[in-house]
Amino acid sequence: MSDMMIGTIQPRHERIWRAEQAGDWDFAAYELGNLRGAFGRLGRAHPMEQNTPLPDMIESVTRQPFEDLKVAIDRKDDADFGKAYDELSEACNSCHQALNHRTIVIGRPAGASQSDLLFGKAGR
Ligand code: HEC
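The following refers to the structure shown. All values derive from a computational prediction rather than experimental measurement.

### Observations concerning the site of the ligand
The ligand sits among 19 residues. The nearest are Ser 2, Met 5, Cys 92, Cys 95 and His 96. For the ligand, a nitrogen atom lies 2.8 Å from a polar atom in the side chain of His 96. Elements supplying a minimum of two residues to the shell around the ligand: helix H1 (2–21), helix H3 (54–75) and helix H4 (78–98). It is H1 that contributes the most residues to the shell around the ligand, six residues altogether. Looking at the shell around the ligand, its residues break down into 14 nonpolar, five polar and no charged.

Below, the structure is given as structure tokens:
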């Protein structure tokens, strides 16, 4: 579970933010789709976690933030994006708290990205 968090969930959560900060809405939309897919695979790989059906838990905490993020990205609305992104981070944290991992706190990415991905450069 922690490997999937580090390998598939956390980097996509960060990339959605970095892309939006760079004004690369196409990449943000692309990565939002990938993050949803990654949560789907996580739920299938771990159907039960601490006697809790994980797919149901994922669905209940992420459904609304994912919808709101999609709308904000489609509209290219920075303010709504910020709100929806914080909602999603709260969803991450609510599950960490519920599953006895309150030490793991997720928020807006800080500092410079270490990534070699160049946002907003497509087609140049
Ligand atoms: C449905 C529940 C759930 C959701 C939603 C969730 N997580 Fe997690 N996450 C966990 C659990 C459980 C662990 C602890 C896994 C373990 O160590 O066995 C974890 C661990 C982590 C870790 C620590 C991994 C490590 O080894 O250092 C990170 C980082 C993380 N999650 C990021 C996120 C991010 C980012 C989101 C939201 C985009 C998120 N998680 C959403 C359940 C969830």
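The discussion continues.
### Quick look at the coordination of the iron atom of the ligand
Protein coordination at the iron atom of the ligand comes from Met 5 (SD) and His 96 (NE2), with a distance range of 2.1 to 2.4 Å. Here the iron atom of the ligand is ringed by six donor atoms whose angles at the metal span 82 to 178°, and the overall shape comes out octahedral. Here Met 5 is found in helix H1, whereas its partner His 96 is found in helix H4, with 91 residues between them in sequence. For Met 5, a relative accessible area of 24% gives the class partly exposed. His 96 sits in the buried class, given a relative accessible area of 14%.

### Brief notes about H4
Spanning 21 residues, H4 covers 30 Å between terminal C-alpha atoms, matching the ideal 30 Å at 1.5 Å per step. Along H4, the residues that are buried comprise Phe 81, Gly 82, Ala 84, Tyr 85, Leu 88, Ser 89, Ala 91, Cys 92, Asn 93, Cys 95 and His 96. Elements that come into contact with the buried residues of H4 comprise H1, helix H2 (25–45) and H3. One side-chain oxygen at the N-terminal end of H4 lies 3.1 Å from the backbone nitrogen of Ala 79; it belongs to Asp 77. Positioned one or two residues after H4, Asn 100 has a phi angle of 65°, which is positive.

Criteria and cut-off values
- Residues numbered from 1 in each chain as written.
- Predicted model: local features only at pLDDT ≥ 70, side-chain atom pairs only at ≥ 80, totals over all residues.
- Heavy atoms only, no water.
- Near = heavy atom within 4 Å.
- Polar contact = N/O pair within 3.5 Å; in protein donor to acceptor, adjacent residues only side chain to side chain.
- Helix = DSSP H or I, 4+ residues; strand = E, 2+ residues; numbered from the N terminus.
- Nonpolar A, V, L, I, M, F, W, Y, C, P; charged D, E, K, R; others polar.
- Donors = N, O, S within 2.8 Å, 3.2 Å for Na, K, Ca; no water.
- Tetrahedral: all angles 85-135°; square planar, octahedral: opposite > 155°, others 65-115°.
- Buried < 20%, exposed > 50% of the residue type's maximum accessible area, 1.4 Å probe, protein only.
- Expected span 1.5 Å × (residues − 1).
- Contact = heavy atoms within 4.5 Å.

All we've got here are geometric facts, nothing functional implied.
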